[in-house]
Amino acid sequence: MTTKEAETPPPFIFRDGAIQTVLDLRVYRLTAIQKSAYRFAERCTAVLGSPEADRLPVRFVFGPTIIEQDALETARLFFQELLDQELREQVGDETRALRALIIAQAFSRTDLIRQD
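Here's what I pulled together on the structure shown here. These numbers were taken from a predicted model, which means no experiment stands behind them. (Residues numbered from 1 in each chain as written. Predicted model: local features only at pLDDT ≥ 70, side-chain atom pairs only at ≥ 80, totals over all residues. Heavy atoms only, no water.)

1. Regarding the nonpolar core
Quick reminder of the rule: In this description, a nonpolar core means a group of buried Ala, Val, Leu, Ile, Met, Phe, Trp, Tyr and Cys residues linked to one another through side-chain atoms lying within 4.5 Å. Burial classification: accessible surface area is computed with a 1.4 Å probe over protein chains only, and a residue below 20% of its type maximum counts as buried, one above 50% as exposed, and the rest as partly exposed. What counts as a helix is a DSSP run of H or I of at least four residues, what counts as a strand is a run of E of at least two, and both are numbered from the N terminus.
With 18 residues, the main nonpolar core has Ile-19, Leu-23, Ile-33, Phe-60, Phe-62, Phe-78 and Leu-82 as its most contacted residues. Contributions of two or more residues to this core are made by strand 2 (18-24), helix 2 (30-39), strand 4 (55-61) and helix 3 (68-107). With four residues, helix 3 is the largest single contributor of residues to this core.

2. What about the pattern of salt bridges?
Threshold: What counts as a salt bridge is simple: a side-chain nitrogen of Lys or Arg found within 4 Å of a carboxyl oxygen of Asp or Glu.
Under the definition given, this model contains nine salt bridges. Across the pair Asp-93 and Arg-29 runs a salt bridge, and its minimum N-O distance is 2.4 Å. Here Asp-93, found in helix 3, pairs with Arg-29, found in the loop between strand 2 and helix 2; they are 64 residues apart in sequence, far enough to count as distant. Each of Arg-29, Glu-86, Asp-93 and Arg-96 takes part in salt bridges that share partners, so that together they form one network.

3. Structural notes on the side chain of Glu-81
Note the threshold: Residue contacts are defined here by distance: any two heavy atoms, one from each residue, within 4.5 Å place the two residues in contact.
Considering the arrangement of structural elements, one finds Glu-81 in helix 3. Each residue touching Glu-81, except ones within four places of it in the same chain, is listed here: Ser-36, Arg-39 and Phe-40.

4. Some thoughts on the sheet that holds strand 4
The pairing of strands in a sheet comes from backbone hydrogen bonds and takes either a parallel or an antiparallel form. For clarity, the cut-off: Any two strands are treated as partners once DSSP identifies two or more bridges connecting them. Only the contacting stretch of a helix is used when fitting its axis, a line to C-alpha atoms as for every element, and angles between N-to-C directions run 0 to 180 degrees.
Here we have four strands laid out as an open sheet, ordered 1-2-4-3, and antiparallel in their pairing. Among the strands making up the open sheet, the edge pair consists of strand 1 (14-15) and strand 3 (45-48). Set on the sheet, helix 2 makes contact with strand 2, strand 3 and strand 4; between it and strand 3 the angle comes to about 155°. Contacts between helix 3 and the sheet are confined to strand 1, strand 2 and strand 4, with strand 2 contributing the most and set at about 20° to the helix.

5. Quick look at the packing of helix 2 against helix 3
Inclusion rule: By definition in this entry, angles of less than 35 degrees are roughly parallel, angles greater than 145 are roughly antiparallel, angles of 65 to 115 are roughly perpendicular, and the rest are oblique. Note on convention: near helix rotated counterclockwise from far helix by under a right angle means a left-handed crossing. Clockwise means right-handed. Here the term charged refers only to Asp, Glu, Lys and Arg, the term nonpolar to Ala, Val, Leu, Ile, Met, Phe, Trp, Tyr, Cys and Pro, and the term polar to all other amino acids, Gly among them.
Relative orientation of the contacting elements helix 2 and helix 3 amounts to 135°, with a least axis distance of 8 Å. What the angle tells us is that helix 2 and helix 3 run oblique. As for how helix 2 packs across helix 3, the hand of that crossing is right-handed. On helix 3, the residues that touch Thr-31, Ala-32, Ile-33, Lys-35, Ser-36, Ala-37 and Arg-39 of helix 2 are Phe-78, Glu-81, Leu-82, Gln-85, Glu-86 and Glu-89. A class-by-class count of the residues in the contact of helix 2 with helix 3 yields five nonpolar, three polar and five charged.

What follows is the structure, encoded as structure tokens:
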């Protein structure tokens, strides 16, 4: 083990049936965090704390029969889902105007696009 590896703390620590972490709200939108928490509701309860500046404390609470390895894997998968939800939010923002135009065209009695 190198000195750098020894200095790097583990990404998650499972203690008393829960894992605590802090999310950076400059990286992840609250909406993406909430959607991810909802998607993982069967595996654990994500307790969202009060935002402090750009930081959001999150505590993943697991059932009494969970083993540490499964809890750590759930936390890892949560972050994959969180990235997916954040990218969906970003794509939604980037395509909002185009989607509005398509919906307007679909419900319009006249063509908004010339058909020459």
